[in-house]
Every structure is written in C-alpha cells, then in structure tokens.
Amino acid sequence: MTVAPWAGMVVAVAAGAALAAGLTGWQARGTPHPELVRKLLHVGVGLIALSFPFLFRDAWPVLVVVGTALLILGAVRNSTVLRRRLGGILDGVARASWGDVCFLVAVAILFVLSGGDALLFGVPILVLTFADSAAALVGVRYGRTRYAIAYSNKSVEGSVAFFVVAFHCAQIPILLLGDGSPAAALAAAGALACVTTVTEALCFDGLDNLLVPL
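Just so we're clear, the structure is a prediction, and the values are computed from it rather than from any experiment. (Residues numbered from 1 in each chain as written. Predicted model: local features only at pLDDT ≥ 70, side-chain atom pairs only at ≥ 80, totals over all residues. Heavy atoms only, no water.)

Undergrad: Just to check I follow, could you spell out the pattern of salt bridges for this structure?
TA: Any two side chains of opposite charge can pair, so long as their charged atoms come close to each other. The full count for this structure, using the stated rule, is two salt bridges. For the salt bridge of Asp132 with Lys39, the shortest nitrogen-to-oxygen distance reads 2.9 Å. Separated by 93 residues along the polypeptide, Asp132 in helix α8 (residues 118-142) and Lys39 in helix α2 (residues 34-50) bring together distant segments of the chain. A residue is classified by how much of its surface remains accessible, and Asp132, at 6% relative accessible area, is buried. (Salt bridge = Lys/Arg side-chain N within 4 Å of Asp/Glu carboxyl O. Helix = DSSP H or I, 4+ residues; strand = E, 2+ residues; numbered from the N terminus. Buried < 20%, exposed > 50% of the residue type's maximum accessible area, 1.4 Å probe, protein only.)

This is the structure in structure tokens:
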C-alpha cells in the first residue's frame with residue numbers, strides 16, 4: 001500500500017538526513033575505517049530506496065527525492081562548511097569516485113524502467129546495496145589476490161563475495177515474489193550473479209553503482 005506522495009517524500013528525505021547525521025556523529029566520536037562508513041551509508045541509502053515501491057505509486061516523487069539528494073550532495077561537495085561537517089562520510093577514502101551520484105541516478109532510472117514493481121526494482125537495488133558492499137569490505141579486509149582489468153583494480157576475494165551475495169539477493173526475492181519454478185529462479189540468479197560480477201570487476205570510479213543495477 002502506498003502513501004500520499006508528499007508524506008512518502010518527507011519520510012525518505014528524513015530517513016536520509018538521519019542516516020547522514022548518525023554516521024557523521026559516529027565518525028566524529030570514534031575512528032571507524034572510512035570504507036566502513038562509506039558502505040554503511042551505501043547500505044542505508046539502499047534500504048531507503050527499497051521502500052520506494054511501497055511508498056510511491058508514480059515515478060515523479062522518486063525523481064523529486066533523488067533530485068533533492070543530488071542537490072544536497074552537490075552542496076556538500078562545493079561548500080567548505082558542509083564539506084567539513086559531512087564530507088568525511090563521502091570522501092574519507094583516498095580515491096576519486098562518482099559512486100554516490102551514480103547510486104542516486106541508478107535508483108531513479110530503475111524506478112522508471114521497472115514501473116515501481118517491487119521485484120524488478122528490488123533485485124537490482126539489493127544487489128547494488130549488499131553485493132557491492134560485501135565486495136568492498138571483503139576486498140579491504142581479506143583481499144590478497146589482486147587483478148587489474150583496464151582501469152579497475154580489484155581482488156579475487158572481493159569478487160567472490162560479490163558473486164555469492166548477488167546470487168542470494170536475486171534468488172530469494174525471485175522465489176518469494178516471482179511466478180517461476182525453483183529451478184528457473186536458480187538459473188536466473190546464477191546468470192544475474194555472473195553478469196553483475198563481471199560488470200563490477202570492469203568498472204572504476206564508482207561507475208559500478210550505475211552499470212551493475214542497470
């Protein structure tokens with residue numbers, strides 16, 4: 001069941017603000033690994049996005065929410081004061097990335113393409129949210145076997161983690177919400193995990209946040 005568009009937009013924006021404030025406060029009081037903070041933000045935004053098919057019937061409120069988030073992101077990147085307060089949760093790692101922008105753009109495009117369907121929208125967002133985060137964290141903590149393709153530099157351990165999590169992010173929702181057989185769900189999840197793992201391995205500078213879900 002959806003809610004009034006304005007109410008859903010308020011809920012989504014408020015949840016995002018609370019997430020950013022919580023992570024900023026944690027970072028100010030402790031010394032968490034920057035990649036962990038980034039991925040917690042990544043997961044939090046993904047969980048907020050997963051609520052969109054249940055909050056919104058039409059695409060325009062999603063576009064408004066995403067547009068608002070992009071404006072805030074642009075303000076943080078270009079304002080010294082805001083960057084000092086919030087920039088650490090976005091650029092705490094020592095590499096250039098457009099991942100945050102790509103994530104938001106992917107959410108908007110997916111909602112439009114899926115028509116707000118919970119399965120068609122949810123599976124790509126689940127993969128983007130959890131498989132990408134698992135790959136990054138496993139790669140940082142356990143990545144020992146490195147490989148490079150074009151401009152990307154990844155680890156075998158991170159790619160394996162991505163594949164395993166992506167497979168389950170696809171198989172479980174397809175089994176629960178799809179109308180095919182368990183064998184079909186297994187085959188679809190396996191194919192999706194293979195394609196998205198290769199796509200993630202080829203991407204750099206955060207482009208995987210756009211290309212993997214699409």
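Having put the structure on the table, let's press on.
Undergrad: Just checking my understanding: could you explain a nonpolar patch on the surface for this structure?
TA: Where nonpolar side chains cluster on the molecular surface, the patch consists of Trp26, Leu36, Leu40 and Leu137 and spans about 300 Å² of accessible area. Mapped onto the secondary structure, Leu36 falls in helix α2. Overall, the relative accessible area of 31% leaves Leu36 in the partly exposed class. (Patch = residues over 30% accessible without salt bridge, like charges linked within 9 Å, V, L, I, M, F, W, Y side chains within 5 Å. Areas by Shrake-Rupley, 256 points an atom, 1.4 Å probe, with all protein chains shown as cover.)

Undergrad: Looking at this model, I keep getting lost on the packing of aromatic side chains. Mind explaining?
TA: Enumeration according to the criterion identifies two aromatic pairs in this entry. A centroid spacing of 5.5 Å and a plane angle of 80° characterise the contact between Phe111 and Phe121, whose relative ring orientation is edge-to-face. Of this pair, Phe111 sits in helix α7 (residues 99-114) while Phe121 is found in helix α8, placing the two residues ten residues apart along the sequence. Like Phe111, the residue Phe121 is buried in the burial classification. (Phe/Tyr/Trp six-rings, centres within 6.5 Å; stacked < 30°, edge-to-face > 60°.)

Undergrad: Please clarify how α8 should be interpreted in this entry.
TA: Each α-helix winds once per 3.6 residues, and so residues spaced three or four apart point in a common direction. Taking 1.5 Å of rise per residue, the 25 residues of α8 would be expected to cover 36 Å, and the 34 Å separating its terminal C-alpha atoms lies within 8% of that figure. Of the residues flanking the start of α8, the one acting as N-cap is Asp117, its side-chain oxygen 3.0 Å from the backbone nitrogen of Leu119. (Expected span 1.5 Å × (residues − 1). Polar contact = N/O pair within 3.5 Å; in protein donor to acceptor, adjacent residues only side chain to side chain.)

Undergrad: Please explain the packing of helix α4 (residues 60-78) against α7 as it appears in this structure.
TA: Contact geometry for α4 and α7: axes closest at 10 Å, N-to-C directions at 170°. When the axis of α4 is compared with that of α7, the two are roughly antiparallel. In contact with Val62, Leu63, Val66, Ala69, Leu70, Leu73 and Arg77 of α4, α7 contributes Asp100, Val101, Leu104, Val107, Ala108, Phe111 and Val112. Here the contact of α4 with α7 is composed, by residue class, of twelve nonpolar, no polar and two charged. (Axes fitted to C-alpha atoms, helices over the stretch in contact; angles between N-to-C directions. Parallel < 35°, antiparallel > 145°, perpendicular 65-115°, else oblique. Contact = heavy atoms within 4.5 Å. Nonpolar A, V, L, I, M, F, W, Y, C, P; charged D, E, K, R; others polar.)

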